[in-house]
Amino acid sequence: MLVDEKKNYRYIGKNIPRKDGVEKVTGTALYVQDMILQGMLYARIVKSPYAYARIRSIDTGEAEKIPGVRAVITGKELSYKVGLYVVDKDILAKDYVRYQGEPVAAVAADTELIAEQACEKIKVEYEELEPVLDPREALKPDAPLVHPDLGDYSYMKGVFQPQAHTNIPHVQKIRHGDIEKGFKDADYIIEESFYNPPVQHVPLETHTAICQALPGDKVLIHTSAQSPYTVRNLFSVCFGIPLENIRVKIPYVGGGFGGKAGIHFEPLTYVLSKKAGGRPVKLAMTREEEFNTIPSRQGLYSDFKTGVTKDGKITALEIKYYWDAGAYADYGVNVGRAGAYSGAGPYEVPNCKIDSFIVYTNKVFGTAYRGFGHLEVHWGIERNMDIVARKIGMDPLKFRQKNVLRPGAETITGEKIGPSHGKVYECLDAVAKDINWSGLKSETEREKEKKTGKVRGKGVAVLHKAPAMPTFTTTAVILKFNENGSADLLTSLTDYGQGTYTALAQIAAEVLKMPVERINVPWDSDTSFTPYDWQTVASKGSFMSGNATIMAAKDALKQIKEIAAQVFRCTVEDLAYKDEKVFPEHNPGKYLEYKQIINGYVYPNGNTIGGPVIGRGRYTAQGLTNLDFETGQGLPALDWTFGAHGAEVEVDLETGEIKVLNLSSAFDIGQTLNEGLARGQIIGGVIQGLGSALTEEFRFSDRGKFLNAGLVDYKILTAKDLPEKMSQHMIENPQMDGPFGARGVAEHPMISVPSVIGNALYDALGIDYFKIPLTSERIYLGIKSGEKEYHD
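Residues numbered from 1 in each chain as written. Predicted model: local features only at pLDDT ≥ 70, side-chain atom pairs only at ≥ 80, totals over all residues. Heavy atoms only, no water.

(A) Seen up close, the overall build of the protein chain. Helix and strand counts for the protein chain come out as 18 helices and 33 strands. Relative to a compact globule of 792 residues, whose C-alpha radius of gyration would be 28 Å, the protein chain shows 28 Å and is just as compact. Taking the principal axes of the C-alpha coordinates as reference, the protein chain spans close to 95 × 70 × 50 Å. Looking at the 792 residues of the protein chain, the share that counts as buried comes to 64%. Long-range contacts, defined as pairs at least 24 residues apart, comprise 78% of the intrachain contacts of the protein chain with a sequence gap of at least 6. (Helix = DSSP H or I, 4+ residues; strand = E, 2+ residues; numbered from the N terminus. Rg over C-alpha atoms; globule rule 2.2 N^0.38 Å. Buried < 20%, exposed > 50% of the residue type's maximum accessible area, 1.4 Å probe, protein only. Contact = heavy atoms within 4.5 Å.)

(B) Geometry of the sheet that holds strand S28 (residues 614–620). Within the open sheet, the 4 strands sit side by side as S21-S20-S19-S28. Their pairing is mixed. Each edge of the sheet is formed by a strand with only one pairing partner; in this case those strands are strand S21 (519–520) and S28. As paired strands, strand S20 (residues 487–490) and S21 are joined by 2 bridges and run parallel to one another. Bridging from a neighbouring strand, Asp488 pairs with Asn520 of S21. The strands touched by helix H15 (residues 541–568) are strand S19 (474–481), S20 and S28; relative to S28, the strand with the most contacts, the crossing angle is about 145°. (Pairing = 2+ DSSP bridges. Axes fitted to C-alpha atoms, helices over the stretch in contact; angles between N-to-C directions.)

(C) Molecular detail of the environment of His170. Tracing the sequence through the fold places His170 in strand S9 (residues 170–176). Looking at His170, the relative accessible area reads 0%, which means it is buried. Ignoring sequence-local partners within four residues, the contact set of His170 consists of Val159, Phe160, Gln161, Val333, Ser356, Phe357, Ile358 and Phe629.

(D) A look at the packing of helix H16 (residues 675–694) against helix H17 (residues 753–765). Interhelical geometry of H16 versus H17 gives an angle of 55° and a closest axis separation of 8 Å. Accordingly, the angle class assigned to the pair H16 and H17 is oblique. Here H16 and H17 pass one another in a crossing that is right-handed. Listed contacts from H17 to Val686, Gly689, Leu690, Ser692, Ala693 and Leu694 of H16 are Val753, Pro754 and Ile757. (Parallel < 35°, antiparallel > 145°, perpendicular 65-115°, else oblique. Left-handed = near helix turned anticlockwise from the far one by under 90°.)

(E) Quick peek at helix H10 (residues 374–391). When the terminal C-alpha atoms of H10 are compared, their 25 Å separation across 18 residues agrees well with the 26 Å that a helix rising 1.5 Å per residue should span. Backbone geometry just downstream of H10 places Gly393 in the positive-phi region, at approximately 75°. (Expected span 1.5 Å × (residues − 1).)

(F) Quick peek at the pattern of salt bridges. Taken as a whole and assessed by the stated rule, the structure comprises 49 salt bridges. Between Asp324 and Lys363 there is a salt bridge; the shortest N-O distance is 2.8 Å. Here Asp324, found in strand S16 (residues 314–326), pairs with Lys363, found in the loop between strand S17 (352–360) and H10; they are 39 residues apart in sequence, far enough to count as distant. Relative accessible area serves as the criterion here: at 10%, Lys363 is assigned to the buried category. Note that Asp768 is salt-bridged to Arg383, the shortest N-O span being 3.0 Å. Note that Asp768 is positioned in strand S32 (residues 768–769) and Arg383 in helix H10, a separation of 385 residues in sequence. (Salt bridge = Lys/Arg side-chain N within 4 Å of Asp/Glu carboxyl O.)

(G) Main features of the environment of Ala505. Within the secondary structure, Ala505 is located in helix H14 (residues 500–512). The class for Ala505 is buried, based on a relative accessible area of 0%. Distance from Ala505 to Ile319, taken between C-alpha atoms, is 43 Å for residues 186 residues apart in sequence. Contacts of Ala505, omitting those with residues within four sequence positions, involve Lys19, Leu489, Val516, Ile519 and Val521.

(H) Up close: the state of the cysteines. Tallied over the full model, the rule gives 0 disulfides. The thiol of Cys238 is not disulfide-bonded; the next cysteine sulfur, from Cys211, is found 11 Å away. (Disulfide = S-S within 2.5 Å.)

(I) Fine view of the nonpolar core. The biggest cluster of nonpolar side chains holds 217 residues, and the ones touching the most others in it are Phe235, Leu268, Ile757 and Leu765. When residues in this core are grouped by element, the largest group, 14 residues, is from H15. Those residues in contact with Leu268, other than ones at most four positions away along the chain, are Ile45, Ile73, Ile91, Leu92, Ala106 and Leu283. If you look at the next biggest cluster of nonpolar residues, it comprises 19 residues, including Val46, Ala53, Ala93 and Ala105. (Core = buried A, V, L, I, M, F, W, Y, C linked by side-chain atoms within 4.5 Å.)

(J) Examining the side chain of Ser545 more closely. Examined against the element boundaries, Ser545 turns out to sit in helix H15. Beyond its immediate sequence surroundings of up to four residues, Ser545 is in contact with Thr475, Val477, Thr491, Leu493, Leu504, Asp533 and Lys540.

(K) Layout of the packing of aromatic side chains. Throughout the structure, instances matching the rule amount to 34 aromatic pairs. Ring centres of Tyr85 and Tyr331 lie 6.0 Å apart, and the angle between their planes is 85°; on these two criteria the pair is classed as edge-to-face. Of this pair, Tyr85 sits in the loop between strand S4 (81–82) and strand S5 (89–90) while Tyr331 sits in the loop between S16 and helix H9 (332–341), and the two are 246 residues apart along the sequence. Of the residues examined, Tyr331 reaches a relative accessible area of 2% and is grouped as buried. Seen from their ring centres, Phe235 and Tyr270 are 5.2 Å apart, and the 75° between their planes marks the pair as edge-to-face. Within this pair, whereas Phe235 is found in helix H6 (residues 228–239), its partner Tyr270 is found in helix H7 (residues 266–275), the two being separated by 35 residues in sequence. Under the relative-accessibility criterion, Phe235 is labelled buried at 0%. Lying over the aromatic face of Tyr369, Arg297 brings its terminal NZ or CZ to 4.8 Å of the ring centre. (Phe/Tyr/Trp six-rings, centres within 6.5 Å; stacked < 30°, edge-to-face > 60°. Lys NZ or Arg CZ within 6 Å of the ring centre and 35° of its normal.)

In structure tokens:
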């Protein structure tokens, strides 16, 4: 929409300061954790110490006697179930606990301390059972069933297929071409396996909700969620309360990264409020609970079998993905689905077979996480491509350039790549140039360098991602004007740090030709006032809400021009507009200001025409289809953003310590909306991806107990861990149906970061690693093993 090939833009592409900057740096931005409502109670939860156990009894008697305790509740009192795509989760566990950290009881009290003390008095008797902790083991016929009643659960039909009497809430199949012929045509067949562990989102603000049960079966929810209408819808399904009776308000949110996309403890705070006589109840997760109670990113085992010719053309690719979904399906089934249709990477693969198994285990369950499964699958994809290239004696850069998607190629779900798609090969060229790629080192060069005690290596990796969302995804924007001609842009898209509100304001200002400072975006989303938006996920915000903003601005301009045309006694087509003025194109000196029109134009005699101008915009994801259950063929992607990374690393041979010297990133984002915000997204995403590459992982005991639930033992990177040099390239091949040609770039920067580090590590050491994180310990043990492949 509105692509200008000459790019004569006033605001688009410019480095406009963030709309929320002043409020956040001065501390005036209000978060749910800051909120105290009249009569508010505080909730705490009792959590299971076991990964899998039968609940024999729960005694709440002593807790109920403590002064200040207003409500105590257990799962036996609650008949409700909640779920996003598969309705498989109780509000509180009953009969069985399915992961260590799962809530089994809750207390609401006058203070958080009293609630905590009451929780300590609740006596729960368990019978510990044998947990299933590996998704590959959970697939075996004799494996314990995490959900024996899976066949009875409600689920999203037409998209997912839970398999009764198994641990499989969904399998996504992709069948493209003739896989057997593809392997027959290959000169080489290469098989590799990879693993990446579960990790945590670690937002600055932990999950927090305040819920109040109101008279007349009404509910008021304040929550640190990403998507108000999703919370409202799932809440309605859970309790059978009409949508119009549920009001969800979301103020500033302190980060989400996908972890706040669905519904979490809003139902629990509601039942506590109801039992406490309608007083508002607040529940804020501790940092430890963020790890072992709140859902995480799933772990993934992946097996690759690649067929390739002598000259480096891929003929066949067969992959099995085993997703460690944990105890509940949540977003995990859709992560596995998206990981399948993107599961071959941005390559032309004529013959492809993928089976993506989403598997229940007795671990904290998986959910959406920045990248939505793509970092996980690209760890295997891009490590595999490097290994395949080397095994056939080909430069990994040239191998990629020979096989990446180009106009005329077809994706593994049958989508044709056209001129409006991005160009992954341009991204690859940009990063290869940045790191001065000249091919892999020879073994002689590597051995000579090892004598210095430190070695260096370079690597490249590519990536792609499309928004993972239903075919019916829609969004709306409303523009209303104030008496002085300024405008308020109303949206339920949630800006929890990514900067979308600033970009939407730039889009509105560009179309309306008015100062961007005069476009206000109220930060609170409120299902009673702000218009519908499906969810704030999938890097679809700027694309879809940007298009809706263009439509809303055009709608407002149409109304302004219609009123002005009556005043000037001309046609609408005769009018032009600029700087908050509308005028006959042949006579710019004769004009009306927007503020003279937006609430109705008043003639000198007092007569008034028109009325309040309200711009309405909406956008629906166009042309999407469900995937065929047997073949995976269909159109799941609204748009594809392609990218690449290039890295140079240095390794200390005595300690295994790895230092990232240079990390270059390039993304074909169509059109940069805000240069500073886009660059910030890329830098932040790359650092988050480096965390997955180098330090972050969940660790469990052989009984499923979480061993590093906290920031003491779970390490995330900080500003001190930045690479010595970083560069960002924004390639601009316009997406013709994107706002001013733009594509999303929110999730993409962290995808393939572990892969490019793994590839550079091989160049440095001559050792292939197959698991992340690439900790100093793992690297050191690989060096000491003396092997070319390190499997631990």
